[in-house]
Amino acid sequence: MPIPIVDISDDDFLFRRLSPVGHLNPDGTVNSNAFKRNGRPDPEVSVDLSTLTSVREALSRAPNPTFKIGILQARDARSLGLQVRHLPTDDDPAHSIIEGNQSKANCKLLAEKTWLAAI
Amino acid sequence: MNTYSNSELISFRVERTTAGFAQSPDIVRDHRNLTYQQLEAPTTHDNVIVLSELPSEENIQADPVWRLRGMLERLNEMERLGRNWDSYASDPPSVAAVTRARALIWDIVGQGFGSAGARSIPFSIVPVSGAGLQVEWRAGGDSIEVEIGSDGSLGFLHSRGHGPNREFEEADDVSEHELVRRTLAAIS
């Protein structure tokens, strides 16, 4: 049975899995590399929609328990001219994507808008 | 035991357990805040000195030498990252990327420490998906992120200023000479 597509409002939160050894700066802030893939700005950033999951559930999909969850608001991504939409998969009904990320500057700005979930 | 100021020290060489420096012959010693012990038998420079005392815990973050050592250790760690470090099946940074990053860091520290001091030391070193690396320098409102591809190719993002007046400039396939020049300008 197909998973219904939901609208994502500007106020909705998005969860991004972060590697503690790779995506964080020495001061604990999020590095722009969290929004890059294959050395380029990731044009289709995978996130989870907060209304359909929880931080703990999003973390459970990480390879190990040291991973963190970064949180940003759909509004912040859209303010950069990016699109945010729900794109569920069989394994992850909350899966969503941030589309249109084509510049290093956007990667940096997305990182600056992202904060770490405390659990 | 001799005490040397930051401004007296040019060109670093940091090994796993020691840190060596060449001392500028032009600068009068002012006995500021770093304490080092003179090598009994300097190897490549007449005035090479080596770190002999751990700074106190609270001073480590402020000590540029220890920050540099930390960054170089961080670079070594990059080589030991396992596959799938990012949960998206990425390989760890390639040998070519790590080698290029190490050379670049020494270029910036070697050429920039005299004028920019601790700003010549990277703010962060992180892997990038696709077996690359990213090294960032910060100075006031400016920052420059240097991307090093798995094949050693270079790109950058230069951010200047704050708020509505903030400006970004970015490019790929940049020469090392251009990147060093730009980074030195950003941190000076």
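Draft legend 1. Representation of the overall build of chain A in the model. Check the secondary structure of chain A and you find three helices and eight strands. Walking chain A from its N terminus toward its C terminus, one meets helices and strands in the order β-β-β-β-α-β-α-β-β-α-β. For chain A, the spread of C-alpha atoms along the principal axes amounts to about 45 × 35 × 25 Å. In chain A, buried positions account for 42% of the 119 residues. Summarising the internal contacts of chain A: among those between residues at least 6 apart in sequence, 73% fall at separations of at least 24.

Draft legend 2. The arrangement of the sheet that holds strand β7 (residues 132–139) of chain B in detail. As summarised here, the arrangement of the five strands in space is β6-β7-β8-β9-β10 (chain B), forming an open sheet in which the pairing is antiparallel. Pairing within the sheet leaves two strands with one partner each, and these edge strands are β6 (124–128) and β10 (167–171) of chain B. Adjacent strand axes in the sheet meet at a mean angle of 15°, parallel and antiparallel pairs treated alike. With respect to the sheet, helix α3 (residues 104–113) of chain A is in contact with β8 (142–148), β9 (154–160) and β10 of chain B, its orientation differing from that of β9 of chain B by roughly 55°. Contacts between helix α2 (residues 64–80) of chain B and the sheet are confined to β6 and β7 of chain B, with β6 of chain B contributing the most and set at about 10° to the helix.

Draft legend 3. Focus on the environment of arginine 119 of chain B. Residue and element names in this part refer to chain B. Note that arginine 119 resides in the loop between α3 (95–116) and β6. The buried category is assigned to arginine 119, around which 20 C-beta atoms lie within 10 Å. The spacing of arginine 119 and leucine 154 is 35 residues in sequence and 21 Å in space, taken between C-alpha atoms. Discounting chain neighbours no more than four positions away, the residues touching arginine 119 are Trp137, Ala139 and Ile187.

Draft legend 4. Geometry of α2 of chain B. Residue and element names in this part refer to chain B. Taking 1.5 Å per residue as the helical rise, α2 with its 17 residues ought to reach 24 Å, and the 25 Å between its terminal C-alpha atoms agrees with that figure. Taken together, the buried positions of α2 are Val65, Leu68, Arg69, Met71, Leu72, Leu75 and Met78. Looking straight down α2, one finds that the buried residues subtend no more than 165° of arc, so they occupy a single side. For α2, the exposed residues lying more than 90 degrees away from the buried face are Glu73 and Arg80.

Draft legend 5. Spotlight on the packing of α3 of chain B against helix α4 (residues 176–187) of chain B. Residues and elements named next belong to chain B. Axis separation between α3 and α4 bottoms out at 10 Å; the angle between their running directions is 35°. Taken as a pair, α3 and α4 cross one another with a handedness that is right-handed. Mapping the contact onto sequence places Leu104, Asp107, Ile108, Gln111, Gly112 and Ala116 in α3 and Glu176, Val180, Thr183, Leu184 and Ile187 in α4.

Draft legend 6. Layout of the sheet that holds strand β5 (residues 68–73) of chain A. All names here are of chain A. The sheet built from six strands is open, its strands ordered β6-β7-β4-β1-β5-β8 with antiparallel pairing. In the strand order of this sheet, the two ends are held by β6 (83–86) and β8 (115–116), each with one partner. By the bridge criterion, two bridges tie β5 to β8 in an arrangement that is antiparallel. Bridging across to β8, glycine 70 finds its partner in leucine 116.

Draft legend 7. Examining the nonpolar core more closely. Residue and element names in this part refer to chain B. Core analysis: the biggest nonpolar cluster contains 58 residues, and Ala101, Ile125, Leu133 and Val146 have the highest contact counts within it. Among the elements that make up this core, the one with the highest residue count is α3 (eight residues). Residues in contact with isoleucine 125, not counting those within four places in the same chain, are Met71, Arg74, Leu75, Met78, Ala101, Leu133 and Val135.

Draft legend 8. Up close: the pairing of β9 of chain B. Residues and elements named next belong to chain B. Burial of β9 is extensive: six of the seven residues sit out of reach of the surface. Pairing of β8 with β9 involves six bridges; the strand directions are antiparallel. Each residue of the ladder has a partner; that of glutamate 147, found in β9, is glycine 155. Hairpin connection of β8 to β9: five residues between the antiparallel strands, including glycine 152 at a positive phi of 90°. With five bridges connecting them, β9 and β10 associate as antiparallel partners. Across the sheet, arginine 160 pairs through a bridge with glutamate 167, a residue of β10. Where β9 folds back onto β10 in an antiparallel hairpin, the turn is made up of six residues, including glycine 161, whose phi is positive at roughly 80°.

Draft legend 9. Focus on the environment of aspartate 11 of chain A. Residue and element names in this part refer to chain A. Checked against the element boundaries, aspartate 11 lands in the segment before β1 (13–18). Sequence spacing of aspartate 11 and serine 50 is 39 residues, and the spatial spacing of their C-alpha atoms is 10 Å. In this view, aspartate 11 contacts Gln73 and Arg75; residues no more than four positions away in its chain are not counted.

Cut-offs used in this document
- Residues numbered from 1 in each chain as written.
- Chains lettered and ligands numbered in written order.
- Predicted model: local features only at pLDDT ≥ 70, side-chain atom pairs only at ≥ 80, totals over all residues.
- Helix = DSSP H or I, 4+ residues; strand = E, 2+ residues; numbered from the N terminus.
- Buried ≥ 20, exposed ≤ 12 C-beta atoms within 10 Å, placed from the backbone.
- Contact = placed C-beta atoms within 7 Å.
- Pairing = 2+ DSSP bridges.
- Axes fitted to C-alpha atoms, helices over the stretch in contact; angles between N-to-C directions.
- Expected span 1.5 Å × (residues − 1).
- Arc of directions from axis to C-beta.
- Left-handed = near helix turned anticlockwise from the far one by under 90°.
- Core = buried A, V, L, I, M, F, W, Y, C linked by C-beta atoms within 7 Å.

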